[in-house]
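# Structure assessment
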Amino acid sequence: MGFGFTDEQNELRRVVRSFLESKADEARVRGHMENPVGYDPSLWAQMSDELGLVGLAIPEEFGGQGYTFVELGIVTEELGRALAPSPYFASAVLASSALLESGDYATQQRYLPGIASGATIASLAVTEESGRWEAGAIHTRARETAHGWVVDGAKTYVLDGCSADVLFVAAQADSGLSLFAVDRFDSVARRALSGLDQTRKQARIEFTATPASLVGRLGGAEELLRSTLALGCAALAAEQVGGAQRCLEMAVAYAKARRQFGKPIGSFQAIRHKCADVLLDIECARGAAYYAVRAAAQRSPELPAVASLAKACSSEAYARAAAANIQIHGGIGFTWEHPAHLYFKRAQSSGHLLGDASYHRGLLADEIGL
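Residues numbered from 1 in each chain as written. Predicted model: local features only at pLDDT ≥ 70, side-chain atom pairs only at ≥ 80, totals over all residues. Heavy atoms only, no water.

### Describing the UniProt feature "domain: Acyl-CoA dehydrogenase/oxidase N-terminal" (unreviewed entry) in the protein chain
Note the cut-off: UniProt positions are given in the numbering used here, feature names are shortened, and annotations may be inferred rather than shown by experiment. A run of H or I in DSSP counts as a helix once it spans at least four residues, and a run of E counts as a strand once it spans at least two, with each numbered from the N terminus.
In the numbering used here, UniProt assigns the "domain: Acyl-CoA dehydrogenase/oxidase N-terminal" (unreviewed entry) feature to residues 6–118. Between the first and last C-alpha atoms of residues 6–118 the distance is 27 Å; the span itself is 68% helix and 0% strand.

Next up, the structure:
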């Protein structure tokens, strides 16, 4: 499996990076952090309409661009580098992947065109009070009534849950774990959560006899979620690599510019070694992340194992890079005015999203039979 990118893929990266540098700079990111919605609708419209990024990996028959998960990984990496607040990961990665993995053609026809165009924001609601991404931790119930399915229970840490137009909810039915679509919110209570990372909005959502429609096969959501979360881990690993790379760039630039005792601090052995260690961490994580997105593009049998490997490596590499960036900057790195803390917070929150490194090392061990 080759790691090289085509000229077209490199051009996609260049265009996305240029776009985000001009439209999602630090000042704009900080402004959207205070916005209850959590993102700029005009930026989202440009990403959807002008660049076609939201429907990038959605098949053309559903209004998407028909590209692969490799191109999707490039976009998430650049979004992670810029910390651009948007519902991209929730809608274009998790929700879209769940729909595509469901095999439910009617539901795909119903929702994917809106998601691909950016007109519909979707999210996947899995975790509950425990915060665990496991089927055994899901206690939300679904029951069939004379008027159709209804859902009861609560979900927490739902990405962009307050702004979503449709939620795909994992719930226990009599026949087992199933996935349901909720797009009517009159019996739904949504509350924004105050999290460490203000650039990625999360919500607590309570369902009270909420009307829902079945997605895919009744009782078939466990395997669906397993494959969806593996795809999500591959994309998230690429996003984390992008953030970690930006931390290293900031640290190196500061080490070259800041002078002590008449010379740049980057000439001191302690700083040089720290930067070298971060570079090694990032390159190892990058290799694992790129392998994972290619496995995702090919729907390789290796995907569950390599996605967990990539998520564990990238989570730890990002956390170390973000911490080293603050340390190299010294006192200024701890201030609110400097962007270093924004990356540190994203590194911590992303480390737990879809399961932390320890959890994924356990999944990896199970996959390879240890």
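### Points about the UniProt feature "domain: Acyl-CoA dehydrogenase/oxidase C-terminal" (unreviewed entry) in the protein chain
Feature annotation in UniProt assigns "domain: Acyl-CoA dehydrogenase/oxidase C-terminal" (unreviewed entry) to the following positions: residues 226–367. Across residues 226–367, helical content stands at 79% and strand content at 3%; the span's end C-alpha atoms are separated by 12 Å.

### Overview of the domain arrangement of the protein chain
Threshold: What fixes the domain bounds is an automatic or database domain assignment. In this description, contact between two residues means that some pair of their heavy atoms is separated by no more than 4.5 Å. Accessible area that two parts lose when put together, evaluated with a 1.4 Å probe and summed over both, is termed the buried area. Basic side-chain nitrogens of Lys or Arg form a salt bridge, by our definition, when they fall within 4 Å of a carboxyl oxygen of Asp or Glu. Throughout this description, a polar contact denotes any pair of N or O atoms lying within 3.5 Å of each other; where both atoms belong to protein, one of them has to be capable of donating a hydrogen while the other can accept it, and for residues adjacent in sequence the pair is counted only when both atoms sit in side chains. Under the scheme applied here, ten amino acids are nonpolar (Ala, Val, Leu, Ile, Met, Phe, Trp, Tyr, Cys and Pro), four are charged (Asp, Glu, Lys and Arg), and all others, including Gly, are polar.
Its domain assignment divides the protein chain into domain 1 (7–121), domain 2 (123–219) and domain 3 (222–368). If you average the C-alpha positions of domain 2 and of domain 3, the two centres end up 29 Å apart. The partner domain 3 presents 18 residues to the 15 residues of domain 2 that form the contact. For domain 2, the biggest contributors to the area lost against domain 3 are Trp133, Leu196 and Arg200; these three give 42% of the whole. At the junction of domain 2 with domain 3, the criterion picks out 2 salt bridges. At the junction of domain 2 and domain 3, the tally comes to 6 residue pairs in polar contact (both at pLDDT 80 or more). Broken down by class, the residue content of the side of domain 2 that touches domain 3 amounts to 10 nonpolar, 2 polar and 3 charged.

### A closer look at the nonpolar core
Here is the rule: We define a nonpolar core as any set of buried Ala, Val, Leu, Ile, Met, Phe, Trp, Tyr and Cys residues linked to one another through side-chain atoms lying within 4.5 Å. Any residue under 20% of the maximum accessible area for its type is buried, any over 50% is exposed, and the rest in between are partly exposed; the area is computed with a 1.4 Å probe on protein chains only.
Ranked by size, the top nonpolar core spans 76 residues in total, and within it Tyr88, Phe89, Leu124, Phe168 and Leu354 carry the most contacts. Here this core takes 13 residues from helix H7 (residues 221–257), the largest share from any one element. Those residues within four positions of Phe89 in sequence are excluded, and the remaining contacts are Leu94, Leu159, Arg200, Gly232, Ala235, Leu236, Glu239, Leu353 and Leu354. Of all hydrophobic cores here, the second largest spans 22 residues; its members include Leu83, Cys247, Ala251 and Ala324.

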